[in-house]
Amino acid sequence: MGIRVENISKHYGTFRAVDDVSLEIKNGSLVALLGPSGSGKSTLLRMIAGLETPDAGQIWLVGENATYRSVQQRNIGFVFQHYALFKHLTVRENIAFSMDLRKHPKHHVRQRVEELLELVQMQGFGDRYPSQLSGGQRQRVALARSLAVQPPILLLDEPFGALDAKVRKDLRVWLRNLHSEVHVTTVFVTHDQEEAMEVADEIVVMNQGRVEQVGSPAEIYDNPATLFVMSFVGPVNVLPSHVGIVPNKNATSPSDKVFLRPHDILIKTEPSENAVSVIVERIIHLGWEIRVELVLQSGETLNAYLSREQFHQLQLRKGQRVYIQPKQTKVFSAAYALR
Ligand code: ADP
Ligand code: MG
């Protein structure tokens, strides 16, 4: 096991930032910690790194109990959102820093720095200072620096969070490729569900200091364990159960809510058994996707997302009456929703 977190809690005053979290992260895997701002991701990561002390619970790193070990003893690579490069050192000196600190032989350091520059695709930038690099380049150097002493574990706290959307997308792909080369056990924190899904083999969804679900991106999306997960990992329509979207037998109580992804709505122009009548209220063109706002007889509105082909086949127009059928829905009880 790469990392094992056992019943870890951390309070700030009476506030529970991390609340009895247990987790297992396999050796060599790339796992995303996904959750909204304030859900305890950084606190958990900092406890794994040894930067924060848990109130209760234990942390095992590569098979050893590390709960009482210092940051230095844990030998973990760490990259934060804000560039932590030393401004007065060149790229090469930044990468060499922790090896120099540990008095690695000079020729070894020189060789390792060149290897790392190549690994993060920064050959030719070794003599520049951080101020002469773009944000994305600085984060790549920060990653090279964190990998210099070959840590068994790499922790990344929203490493691309401060970069613009295009660079962030490129770096996701880059990180995946890098991970398939070095296979270091990596925990990647993000509040962006798309980023988590694109980067990680496995996602840990956090909410209010607790783990809501652990699973592959597909499992989390197609089979959300809780209401929170369903609404956090992708768009969703939430409807009362009585509007007839699901067959009555599926709803257990009148207070149940039906959750329906906008991509999972079949639209037909002719009525049929089990199809619900709605009016097209608004049509929004978003490039490759068309969003259609629909109004039920009860007045509730819901969104359906269609591909351009589907949209053109249907020839939808505003004010038209159409018939919808869910491809799949999930019902969560209202009591659960309030958890
Ligand atoms: P995330 O990284 O998911 O955004 P954090 O782990 O940073 O969340 O924070 C979780 C909660 O704990 C937040 O509500 C935050 O305000 C609180 N918190 C974090 N660090 C401290 C601290 N040193 N003192 C008091 N509250 C803190
Ligand atoms: Mg954070």
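It should be emphasised that the depicted structure is a prediction, and the values quoted were computed from it without experimental measurement.

**Focus on the layout of surface pockets**
Thought 1: Taken as a whole, the largest pocket spans an internal volume of roughly 660 Å³.
Thought 2: Lining the largest pocket are 24 residues, with V71, I76, F78, S98 and R102 positioned closest to its centre.
Thought 3: Looking at which element gives the most residues to the lining of the largest pocket, the answer is helix α5 (residues 135–147), with four residues.
Thought 4: Residue classes in the lining of the largest pocket are distributed as 15 nonpolar, seven polar and two charged.

**Points about the sheet that holds strand β7 (residues 153–157)**
Thought 1: If you walk across this open sheet you meet the six strands as β6-β7-β8-β3-β9-β10, and the pairing is mixed. The open sheet has two edge strands, β6 (77–79) and β10 (210–215), and neither has a second partner. Averaged over all adjacent pairs, the angle separating strand axes in this sheet is 15°, with direction ignored.
Thought 2: Across five bridges, the pairing between strand β3 (residues 30–34) and strand β8 (residues 185–190) is parallel. Bridge pairing links A32 to F188 in β8.
Thought 3: Relative to β6, α5 is tilted by about 165°, and along the sheet it contacts β6 and β7.

**What about the confidence of the model for the chain?**
Thought 1: Per-chain confidence: the chain averages 90 in pLDDT, with 94% of residues scoring 70 or above.
Thought 2: The low-confidence segment residues 335–339 (pLDDT under 50) makes seven contacts with residues lying over four places distant or belonging to another chain.

**Considering the site of ligand 1**
Thought 1: The immediate surroundings of ligand 1 are formed by Y12, F15, A17, P36, S37, G38, S39, G40, K41, S42 and T43.
Thought 2: Measuring from a nitrogen atom of ligand 1, one finds a side-chain N or O atom of Y12 at 3.5 Å.
Thought 3: One nitrogen or oxygen atom from the side chain of S42 is found 2.8 Å from an oxygen atom belonging to ligand 1.
Thought 4: Here ligand 1, which alone exposes 560 Å², has 59% of that area covered by the protein.

**Notes on the sheet that holds strand β16 (residues 301–307)**
In any sheet, the strands associate via hydrogen bonds between backbone groups, in a parallel or an antiparallel arrangement.
Thought 1: Across the sheet, which stays open at both edges, the five strands sit in the order β13-β17-β14-β15-β16 with antiparallel pairing between neighbours. Lying at the two open borders of the sheet, with one neighbouring strand each, are β13 (265–268) and β16. Strand after strand, the sheet turns through a mean of 45° between neighbouring axes, direction not considered.
Thought 2: Bridging between β13 and strand β17 (residues 321–326) involves four bridges; their strand directions are antiparallel. When the sheet's bridge partners are listed, I265 is paired in β17 with P326.

**Considerations on the domain arrangement of the chain**
Thought 1: Split by domain assignment, the chain resolves into domain 1 (3–228) and domain 2 (237–337).
Thought 2: Centre-to-centre separation of domain 1 and domain 2, based on C-alpha positions: 40 Å.

**Thoughts on the environment of D222**
Thought 1: Turning to its location among the elements, D222 is positioned in helix α8 (residues 217–222).
Thought 2: Overall, D222 belongs to the partly exposed group, its relative accessible area being 47%.
Thought 3: Along the backbone, D222 and V91 are 131 residues apart, and their C-alpha atoms lie at a distance of 43 Å.

**A few points about α5**
Thought 1: Across its 13 residues, α5 extends 19 Å between first and last C-alpha, which sits within 8% of the 18 Å expected from 1.5 Å per residue.
Thought 2: α5 sits mainly inside the fold: 12 of its 13 residues count as buried.
Thought 3: Looking at α5, one finds that the buried residues are G135, G136, Q137, Q139, R140, V141, A142, L143, A144, R145, S146 and L147.
Thought 4: Lining the buried residues of α5 we find β6, α3 (91–101), α4 (106–119), β7 and α6 (165–182).

**Some points on the environment of E194**
Thought 1: Of note, E194 is situated in helix α7 (residues 193–199).
Thought 2: Each C-alpha atom of the pair E194 and K169 lies 9.8 Å from the other, and the pair is 25 residues apart in sequence.

**Digging into the nonpolar core**
Thought 1: In terms of nonpolar packing, the biggest core is built from 43 residues, with I95, L175, L178, F188 and I203 touching the most fellow members.
Thought 2: Beyond its immediate stretch of four places on either side in the chain, L175 contacts L143, L156, F160, F188 and V199.
Thought 3: Residues M47, I59, A66 and L155 belong to the second largest nonpolar core, which totals 25 residues.

Definitions and cut-offs
- Residues numbered from 1 in each chain as written.
- Chains lettered and ligands numbered in written order.
- Predicted model: local features only at pLDDT ≥ 70, side-chain atom pairs only at ≥ 80, totals over all residues.
- Heavy atoms only, no water.
- 1 Å grid on protein atoms, 1.4 Å probe; cavity = no way out; pocket = protein on both sides within 12 Å on 5 of 7 lines; lining within 4 Å.
- Points joined across faces, edges and corners; volume = space filled by probe spheres on them.
- Helix = DSSP H or I, 4+ residues; strand = E, 2+ residues; numbered from the N terminus.
- Nonpolar A, V, L, I, M, F, W, Y, C, P; charged D, E, K, R; others polar.
- Pairing = 2+ DSSP bridges.
- Axes fitted to C-alpha atoms, helices over the stretch in contact; angles between N-to-C directions.
- Contact = heavy atoms within 4.5 Å.
- pLDDT = per-residue confidence, 0-100.
- Near = heavy atom within 4 Å.
- Polar contact = N/O pair within 3.5 Å; in protein donor to acceptor, adjacent residues only side chain to side chain.
- Areas by Shrake-Rupley, 256 points an atom, 1.4 Å probe, with all protein chains shown as cover.
- Domains from an automatic or database assignment.
- Buried < 20%, exposed > 50% of the residue type's maximum accessible area, 1.4 Å probe, protein only.
- Expected span 1.5 Å × (residues − 1).
- Core = buried A, V, L, I, M, F, W, Y, C linked by side-chain atoms within 4.5 Å.

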